[in-house]
Amino acid sequence: MIKKQFQEIYEKIDQSMIEALKNSAHPYRTFSIANVEGKMPSVRTVVLRDFSLDNQFFDFHSDLRSPKVEELKKNNKFSALFYSSEKKMQLRFKGTVEIFYKNSITKHRWDNLTPSSKRCYMGPFSPSETIKEYHPNIPDNVKFKNPTDDESLFGYDNFVIIRCHFYEIDFLKLKYSGHQRCKFIFEKSGIKANWVAP
């Protein structure tokens, strides 16, 4: 059971993340996720696709051919950063990822993607592949239109969901009168919350 002094913050985190799922303009809709590539950190911006505080996970989508997928298979640890400049509120998550490919979860998610989004997984080149000249990595036949269901079908072969299972949330609220920071640690015995020096 979380102490009352942390309950309001905990609920604020949940509300903010749920709002981000509903509103594409929300600052938490896109976030930075970092992992380790060999001995070097690797970070990129991705789009929030699902979230559950109760079940301690959030999702983003990726292309199976992307280097980050192979990196996360080798080392599944991640750190993610969400920040709202308007609310001056930062959330940092730590945990491990699970990669979903061609299962019931990916099938349901794919069926609900917009045709425009499906184009992102139909590229003739692997993400990060060096190419001789500029190319948007969208098939020529759908460059200026949305693909039909049949046209986008092979894109599903490249579609993965990366589920981030988190065990820690670091909350920071910037204020002129004094910054506020605390951590939520998720353990088998329950959730531990502590104040942390900002």
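Residues numbered from 1 in each chain as written. Predicted model: local features only at pLDDT ≥ 70, side-chain atom pairs only at ≥ 80, totals over all residues. Heavy atoms only, no water.

Visitor: Please clarify how the overall build of the chain should be interpreted in this entry.
Guide: Scanning the chain for helices and strands turns up five helices and nine strands. Tracing the chain from N to C terminus, the helices and strands come up as α-β-β-β-β-α-β-β-α-α-α-β-β-β. Expressed along its principal axes, the backbone C-alpha trace of the chain runs to roughly 55 × 35 × 35 Å. For the chain, restricting intrachain contacts to residue pairs at least 6 apart in sequence, the fraction spanning at least 24 positions comes to 61%. Accessible area for the chain stands at about 11,800 Å²; split by element, carbon and sulfur atoms hold 51% of it. Taken together, the 32 basic and 24 acidic charged side chains of the chain have centroids lying 6 Å from each other. (Helix = DSSP H or I, 4+ residues; strand = E, 2+ residues; numbered from the N terminus. Contact = heavy atoms within 4.5 Å. Areas by Shrake-Rupley, 256 points an atom, 1.4 Å probe, with all protein chains shown as cover. Lys, Arg positive; Asp, Glu negative; His and termini not counted. Charge placed at Lys NZ, Arg CZ, Asp CG, Glu CD.)

Visitor: When you look at the layout of surface pockets in this model, what are you seeing that I'm missing?
Guide: Using a probe with the size of a water molecule, rolled over the atoms, empty space left in the structure can be pinpointed. Taken as a whole, the largest pocket spans an internal volume of roughly 320 Å³. As for the largest pocket, its lining consists of 14 residues, of which H61, S62, D63, C120 and Y121 are closest to the centre. Tallied by class, residues from the lining of the largest pocket come to five nonpolar, six polar and three charged. (1 Å grid on protein atoms, 1.4 Å probe; cavity = no way out; pocket = protein on both sides within 12 Å on 5 of 7 lines; lining within 4 Å. Points joined across faces, edges and corners; volume = space filled by probe spheres on them. Nonpolar A, V, L, I, M, F, W, Y, C, P; charged D, E, K, R; others polar.)

Visitor: Got a minute to help me understand the pattern of salt bridges in this structure?
Guide: Taken as a whole and assessed by the stated rule, the structure comprises 15 salt bridges. Note that K87 and E19 form a salt bridge whose closest N and O atoms lie 4.0 Å from each other. Within this pair, whereas K87 is found in the loop between strand 5 (77-84) and strand 6 (89-101), its partner E19 is found in helix 1 (residues 4-22), the two being separated by 68 residues in sequence. Under the relative-accessibility criterion, K87 is labelled partly exposed at 37%. (Salt bridge = Lys/Arg side-chain N within 4 Å of Asp/Glu carboxyl O. Buried < 20%, exposed > 50% of the residue type's maximum accessible area, 1.4 Å probe, protein only.)

Visitor: Mind showing me how you'd approach the environment of Y101 here?
Guide: Mapped onto the fold, Y101 is located in strand 6. By relative accessible area, which is 33% here, Y101 ends up partly exposed. Residues Y101 and V160 lie 59 residues apart in sequence; the distance between their C-alpha atoms is 5.0 Å. Side-chain polar atoms of Y101 contact the backbone oxygen of D157, separated by 2.7 Å. (Polar contact = N/O pair within 3.5 Å; in protein donor to acceptor, adjacent residues only side chain to side chain.)

Visitor: What is the right way to look at the pairing of strand 2 (residues 40-47) in this model?
Guide: Residues in a regular strand project their side chains so that they alternate between the two faces of the sheet. Pairing of strand 1 (residues 30-37) with strand 2, which is carried by eight bridges, proceeds in the antiparallel orientation. If you follow S32 over to strand 2, its bridge partner there is T45. What sits between the antiparallel neighbours strand 1 and strand 2 is a turn of two residues, in which G38 has the positive phi angle 65°. (Pairing = 2+ DSSP bridges.)

Visitor: Explain the nonpolar core here, please?
Guide: The nonpolar side chains of soluble globular proteins are, as a tendency, buried together. Counting residues in each nonpolar core, the largest one holds 35 residues, and the members touching the most others are F58, F82, F93 and F184. Sorting the residues of this core by element identifies helix 1, strand 1, strand 4 (57-63), helix 2 (67-74), strand 5, strand 6, strand 7 (159-173) and strand 8 (180-187) as the ones contributing at least two each. Setting aside residues no more than four positions away along its own chain, F93 makes contact with M17, F51, F58, F78, S79, A80, F82, F166, E168 and I169. (Core = buried A, V, L, I, M, F, W, Y, C linked by side-chain atoms within 4.5 Å.)

Visitor: Please clarify how helix 2 should be interpreted in this entry.
Guide: Residue pairs three or four apart in sequence face the same way in an α-helix, which turns once every 3.6 residues. Buried residues of helix 2: K68, V69, E71 and L72, and no others. Seen from one end, helix 2 has its buried residues packed into an arc of 160°, which puts them on one side. Away from its buried face by more than 90 degrees, helix 2 exposes K73 and K74. Elements in contact with the buried residues of helix 2: strand 1, strand 2, strand 4, strand 5, strand 6 and strand 7. (Arc of directions from axis to C-beta.)

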